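Listed below are the residues making up each chain.
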Amino acid sequence: MDRPLNSGSLDVPFAVPFTHRLRFTNDVLGSDEKVLIDLLESSDGQPARVQFWMDRNLANANPEIELKLKQLSGSHPDRIKRVGNIQFVPGGEEIKNDIQVLEKMLKVFNVSDLDRRSYIVVIGGGAVLDTVGFAAGIAHRGIRLIRLPTTTLAQADSGLGVKNGVNLFRKKNWLGTFAVPWGVINDAEMLGTLSNRDFIAGFSEAVKVSLLKDTRFFNSLCRSAALIAERQVESSLDAIRQSAQLHLDHITQGGDPFEMLEARPLDFGHWSAHKLESMSDFVLRHGEAVAIGVAIDTVYSSLALGLPNSDADRILRCLSDLGFSLTDPALHDVELLFDGLEEFRQHLGGRLTLTMLPKIGEPVEVHQINRELMVESITKVRRFAETDPTFQGS
């Protein structure tokens, strides 16, 4: 019998080249504006078409930014053409919880005739970057996106990432895509109007990545924690820069930027953090929830995987010295919190895979959790935060 013409198979691996452009500036809308201008490529010899999107909370706190954006396009007519008015969106987790905001963004892109060679410059915190980034990622299968993160959390971590998305079904980032930003600019001036609470929030991610990848950086954070809590500029910017570099190295050199494997190592402490956010109706900041989650998994690592008690104690004290309270009323509902394990597993698929820490700088993957020890860990973290200033990891 003749073989059918359509028999056989082809498996052809291939790689798509990306460039991740990260810049550090002191005043990107002032003396360092050339850094932003130089990220824009002209099309057919015409100035780059750019639409600006901005966190309304930031605009209210710093109205000069809107004026500077208008001046920027007016001062460089040969390099940049502003498309439409500056667009303002709600700041904070609110924007990620309203799917209608996403639809409105897409309508604006459409009526503005943005295309794949246009640019969206988004200025705001992580939630704004996530939502505008998701809209940019799905419009025309991808409009060039330049992020100007305005929080320590976004500058130290999420603003560098290749993930974006919104919350749906009361689940964190249930709807989203992977999309490499065209560029990211970490600008020191943008951090000036942050409340103390929001300023501190980003450094939980710095602690997290230092525990996973750089013992010396963790030691440095412990030494400078009190200075960072007081917003000492040099210590704070240095910590943000090191955190950003470690996150960027993982994305570009870690071998799994789009999380095709079963592990999410940069999400150490995040299974409970994401659940705590939703349990608090997102009153709890992401960075605050991550600090609690890192503390929980740190104590669990000491109880179940041999992390020295002295190191567990030092990690919790570092987070505390940075200004994190490490507690929330949601911690008392342990049964509901444990649902976060399954939601974390389901988000990636496959078997449950968590990153734990038997030794600082040497993370491991685990696929099962001892529920009794995890409950004990949650209790110990809560007790440390609420009643026991002499906490020890055992």
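What you see is a predicted model; the values in this text were computed from it and never measured.

Draft legend 1. Main features of the pairing of strand S11 (residues 362-366). Pairing analysis gives four bridges linking strand S10 (residues 354-359) to S11, with the strands arranged antiparallel. Paired with Lys 359 across the strands is Glu 362, a residue of S11. Turn length for the S10-S11 hairpin, with the two strands adjacent in sequence and antiparallel, is two residues, and the turn residue Gly 361 shows positive phi of about 90 degrees.

Draft legend 2. Representation of helix H9 (residues 215-229) in the model. For H9, which comprises 15 residues, the first-to-last C-alpha distance of 21 Å matches the rise-based estimate of 21 Å (1.5 Å per residue) to within 8%. Helix geometry: H9 is bent most strongly at Arg 223, by close to 50 degrees. Within H9, burial applies to Phe 217, Phe 218, Leu 221, Cys 222, Ser 224, Ala 225 and Ile 228. Buried positions along H9 lie against helix H7 (196-201), helix H8 (203-213), helix H10 (233-253) and helix H13 (309-322).

Draft legend 3. Inspection of the nonpolar core at higher detail. Counting 61 residues, the largest nonpolar core has Leu 211, Ile 315, Leu 319 and Leu 326 as the members making the most contacts within it. Those residues in contact with Leu 211, other than ones at most four positions away along the chain, are Phe 218, Phe 268, Val 294, Ile 315, Leu 357, Ile 360, Gly 361 and Glu 362. Residues Val 28, Leu 39, Met 54 and Leu 58 belong to the second largest nonpolar core, which totals 25 residues.

Draft legend 4. Fine view of the packing of aromatic side chains. Per the counting criterion, the structure on display carries seven aromatic pairs. Between the aromatic rings of Tyr 119 and Trp 182, the centroid separation amounts to 5.8 Å while the plane-to-plane angle is 80 degrees, which identifies the pairing as edge-to-face. Of this pair, Tyr 119 sits in strand S5 (residues 119-124) while Trp 182 is found in the loop between strand S8 (171-178) and strand S9 (183-187), placing the two residues 63 residues apart along the sequence. Note that Arg 241 overlies the ring of Phe 24, its terminal NZ or CZ placed 4.1 Å from the centroid.

Draft legend 5. Structural view of H8. Among the eleven residues in H8, ten count as buried, and that is most of the element. Buried within H8 are the following residues: Phe 203, Ser 204, Glu 205, Ala 206, Val 207, Lys 208, Val 209, Ser 210, Leu 211 and Leu 212.

Draft legend 6. Structural view of the pairing of strand S2 (residues 48-55). Counting buried positions along S2 yields seven of eight residues, so the element is predominantly enclosed. Note that S2 and strand S3 (residues 80-82) share three bridges and pair parallel. Among the inter-strand pairings, Arg 49 is bridged to a residue of S3, identified as Lys 81. For S2 and S5, the ladder comprises five bridges, and the chain directions are parallel. Paired with Trp 53 across the bridge in S5 is Val 122. The pairing of S2 with strand S4 (residues 87-89) spans three bridges and is parallel. Looking at the pairing, Met 54 lines up with Phe 88 of S4.

Thresholds, definitions, all that
Residue numbers here run from 1 along each chain, matching the order of that chain's written sequence. Per-residue local features are limited, in this predicted model, to residues with pLDDT of at least 70; the limit for side-chain atom pairs, both in listing and counting, is 80 or more; totals at the level of whole chains, interfaces and linings are taken over all residues. Calculation of side-chain values draws on the structure's entire complement of heavy atoms; hydrogens and water are dropped beforehand. At least two bridges found by DSSP between two strands is the condition for calling them paired. The helix and strand labels rest on DSSP assignments: H or I over at least four residues marks a helix, E over at least two residues marks a strand, and numbering proceeds from the N terminus. To estimate the expected span of a helix, subtract one from its residue number and multiply by 1.5 Å. The seven residues ending at a residue and the seven starting there each receive a fitted axis; the angle between those axes is the bend at that residue. Three labels apply to residues, based on accessible area from a 1.4 Å probe with only protein chains included: buried if under 20% of the type maximum, exposed if over 50%, partly exposed otherwise in between. Pairs of residues are marked as contacts when any of their non-hydrogen atoms sit within 4.5 Å. To define a nonpolar core, start from buried Ala, Val, Leu, Ile, Met, Phe, Trp, Tyr and Cys residues and group those joined through side-chain atoms within 4.5 Å. Pairing of aromatic rings covers Phe, Tyr and Trp, the last counted by its six-membered ring, and requires centre-to-centre distances within 6.5 Å; plane angles under 30 degrees mean stacked, over 60 mean edge-to-face, and any other angle means tilted. As a reminder, the over-ring test applies to NZ of lysine and CZ of arginine, requiring each to be within 6 Å of the ring centre and within 35 degrees of the ring normal.

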